[in-house]
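Chain and residue survey
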Amino acid sequence: MDLACTEEEEAFRARLRTWLAEVLPKLPPKPAATDWPGRRAYDTAWQRMLYDAGYAGLHWPRDAGGRGATPTQHLIFLEETEKAGAPYVGANFVGLLHAGPTIAVEGTAAQRARWLPPILRGEEVWCQGFSEPDAGSDLAALRTRAVRDGDDYVVTGAKVWTSHAEVADWCELLVRTDPDAPRHRGISWLALPMDAPGVTVRPLRTLAGSTEFAEVFLDEVRVPVSHRVGAEHDGWRVTMVTLSFERGTAFVGEVVACRRVLAELARAARAGGRWDDAVLRRRLGRLNAEFTALWRLTQWNVSEAGAASPGRTEGRTGGVPGIGGSVFKLRYSHARQELYDAAAEVLGGQALDAGHPWVADRLAALAYTIAAGTSQIQRNIVAERILGLPKGR
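Reading the values: the criteria
- Residues numbered from 1 in each chain as written.
- Predicted model: local features only at pLDDT ≥ 70, side-chain atom pairs only at ≥ 80, totals over all residues.
- Heavy atoms only, no water.
- Helix = DSSP H or I, 4+ residues; strand = E, 2+ residues; numbered from the N terminus.
- Buried < 20%, exposed > 50% of the residue type's maximum accessible area, 1.4 Å probe, protein only.
- Contact = heavy atoms within 4.5 Å.
- Areas by Shrake-Rupley, 256 points an atom, 1.4 Å probe, with all protein chains shown as cover.
- Patch = residues over 30% accessible without salt bridge, like charges linked within 9 Å, V, L, I, M, F, W, Y side chains within 5 Å.
- Salt bridge = Lys/Arg side-chain N within 4 Å of Asp/Glu carboxyl O.
- Phe/Tyr/Trp six-rings, centres within 6.5 Å; stacked < 30°, edge-to-face > 60°.
- Polar contact = N/O pair within 3.5 Å; in protein donor to acceptor, adjacent residues only side chain to side chain.
- Pairing = 2+ DSSP bridges.

**Here we look at the overall build of the protein chain**
- Within the protein chain one finds 11 helices and 8 strands.
- Looking at the 393 residues of the protein chain, the share that counts as buried comes to 52%.
- Long-range contacts, defined as pairs at least 24 residues apart, comprise 71% of the intrachain contacts of the protein chain with a sequence gap of at least 6.
- About 18,100 Å² of surface is accessible on the protein chain, with carbon and sulfur atoms providing 53% of the total.

Now the structure itself:
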């Protein structure tokens with residue numbers, strides 16, 4: 001991994017900084033955290049601005065509508081937009097970071113032409129229908145059934161923790177197409193239109209008061225066979241591609257945000273007279289080392305993704321993160337919780353104020369050891385697939 005930037009990459013950074021300085025002051029105020037239709041409109045409008053400026057899908061391959069940027073350019077983009085306080089992908093993070101890249105790698109030419117441009121332009125929002133009420137972290141235990149009926153699948157089942165389902169147009173949906181196959185087989189990956197008859201969305205309220213998650217109920221929903229990405233019964237392999245994006249590159253911008261929060265914590269500790277506390281200083285110093293290491297691991301993962309071969313993709317190469325993403329996700333989840341525990345220590349009595357942004361972030365951080373694969377699952381992946389240890393009994 002070469003961490004040095006070329007002259008071309010530094011010129012890209014300069015152009016990006018200039019563009020951000022011009023457009024960010026013109027953005028309207030952010031909608032309230034509970035206004036999901038408003039947040040969708042805000043996030044997709046920003047996505048359209050990125051598209052018009054040539055920054056949408058920066059690291060996506062050119063044949064998928066992206067710019068085919070180098071891994072370093074991708075990291076520069078994420079770093080500079082976060083430092084400038086630009087909006088995150090928000091309501092369409094599933095489309096831009098999970099479903100879109102998966103379709104770019106695994107989809108047919110017709111599927112890429114149908115779904116990728118609207119994602120990049122901010123016209124269509126996606127959600128993820130993987131988790132189920134009775135499966136927990138055991139994704140292979142999913143029970144949602146899809147029965148072939150001519151040119152359609154008839155889907156019945158339920159999903160849970162479906163991010164932004166109430167404002168989504170499409171859902172990347174895992175279904176069981178062969179109930180008699182072994183657990184990790186007989187699964188297919190479908191693109192479900194959320195306005196299809198038989199789809200019911202029930203928002204879930206989180207500890208922080210948000211309704212970003214939902215339950216989704218599917219009652220004999222008809223999904224065209226042409227909406228299946230990958231071969232029938234090959235959905236587990238396609239899902240591993242999706243999860244490699246989720247665990248490998250989806251949290252990149254958040255590492256930069258955590259490093260910024262850590263610097264703010266240090267300033268707050270100095271201003272509040274806490275800097276003489278050697279234990280606190282040591283804690284913040286260790287967190288600085290943690291997030292510096294995580295940023296270096298991020299660079300390694302993204303560099304690896306740029307050089308990797310995604311397998312059966314009609315000659316396309318690059319873009320799929322490796323299993324090192326599980327190492328990153330595991331450590332990042334805990335480091336983020338430790339960061340906001342330190343924030344509570346610096347805040348003192350203010351740590352009980354639910355309106356303080358650090359307090360809200362602390363509550364949100366509690367979910368990171370569960371979201372995108374629990375820490376227990378990540379440890380199993382690291383043990384078995386990276387270290388080569390035998391599977392537990």
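**A few points about the environment of Val 105**
- Tracing the sequence through the fold places Val 105 in helix α4 (residues 93-106).
- A C-alpha to C-alpha distance of 8.7 Å links Val 105 and Ala 64, two positions 41 residues apart in sequence.

**Considerations on a nonpolar patch on the surface**
- Taken together, the side chains of Val 327, Ile 386, Leu 387 and Leu 389 present a nonpolar region at the surface, about 330 Å² in accessible area.
- Relative to the assigned elements, Leu 389 resides in the segment after α11 (375-386).
- For Leu 389, a relative accessible area of 46% gives the class partly exposed.

**Some words on the packing of aromatic side chains**
- Summed over all chains, the structure comprises 8 aromatic pairs.
- Measuring from ring centre to ring centre gives 6.0 Å for Tyr 55 and Phe 77, while their planes differ by 25°; the resulting arrangement is stacked. Note that Tyr 55 is positioned in the loop between α2 (36-53) and α3 (71-83) and Phe 77 in helix α3, a separation of 22 residues in sequence. Neither residue differs from the other here; Tyr 55 and Phe 77 are each classed as buried.
- Each member of the aromatic cluster is reached from another via a ring pair, and the members are Phe 12, Trp 19, Trp 46, Tyr 55 and Phe 77.

**What about unusual backbone geometry?**
- Although it is not a glycine, His 164 adopts a positive phi angle of roughly 60°.
- Topologically, His 164 is positioned in the loop between β3 (152-159) and β4 (170-176).
- For His 164, a relative accessible area of 7% corresponds to the buried category.
- Within the chain, His 233 stands out as a residue other than glycine whose phi angle is a positive 75°.
- As for its position among the elements, His 233 is in the loop between β8 (228-229) and α6 (235-248).
- The class for His 233 is partly exposed, based on a relative accessible area of 32%.

**Some points on the pattern of salt bridges**
- In total, this model carries 27 salt bridges according to the counting rule given.
- Asp 169 is paired through a salt bridge with Arg 40; the nearest N and O atoms lie 3.0 Å apart. Highlighted residues: Asp 169 in the loop between β3 and β4 and Arg 40 in helix α2, separated in sequence by 129 residues.
- According to the relative accessible area criterion, Asp 169 is partly exposed, its value standing at 27%.
- Across the salt bridge formed by Arg 148 and Glu 232, the nearest N and O atoms sit 3.6 Å from each other. A residue pair is termed long-range when its members are at least 10 positions apart, and Arg 148 in strand β2 (residues 145-149) and Glu 232 in the loop between β8 and α6 qualify at 84 residues.
- Judged by relative accessible area, Arg 148 falls into the partly exposed class, the value being 45%.
- Salt bridges linked by common partners bring Glu 10, Arg 13, Arg 17, Glu 79, Glu 80 and Lys 83 together as one network.

**Let's talk about the side chain of Thr 44**
- Mapped onto the secondary structure, Thr 44 falls in helix α2.
- Look at Thr 44 and you get buried, because its relative accessible area is 13%.
- Among the polar contacts made by the side chain of Thr 44, one reaches the main-chain carbonyl oxygen of Arg 40 at a distance of 2.7 Å.
- Not counting chain neighbours up to four residues away, the residues in contact with Thr 44 comprise Arg 121, Gly 122 and Val 125.

**Section: the environment of Ala 266**
- Relative to the helices and strands, Ala 266 resides in helix α7 (residues 252-271).
- Taking the C-alpha atoms as reference, Ala 266 lies 7.3 Å from Leu 284; in sequence the two are 18 residues apart.
- The contact partners of Ala 266, leaving out residues within four places of it in the chain, are Trp 275 and Leu 284.

**Some remarks on the pairing of β2**
- Bridge count for β2 against β3 is 5 bridges, and the pairing is antiparallel. Across the sheet, Arg 148 pairs through a bridge with Tyr 153, a residue of β3.
- Where β2 folds back on β3, the antiparallel hairpin that results is connected by 2 residues, among which Gly 150 adopts a positive phi of roughly 65°.

**Remarks on the side chain of Gln 337**
- With respect to the helices and strands, the residue Gln 337 is situated in helix α9 (residues 324-347).
- Note on Gln 337: relative accessible area 19%, which makes it buried.
- In contact with Gln 337, not counting residues within four places along its chain, are Ala 365, Leu 366, Tyr 368 and Thr 369.

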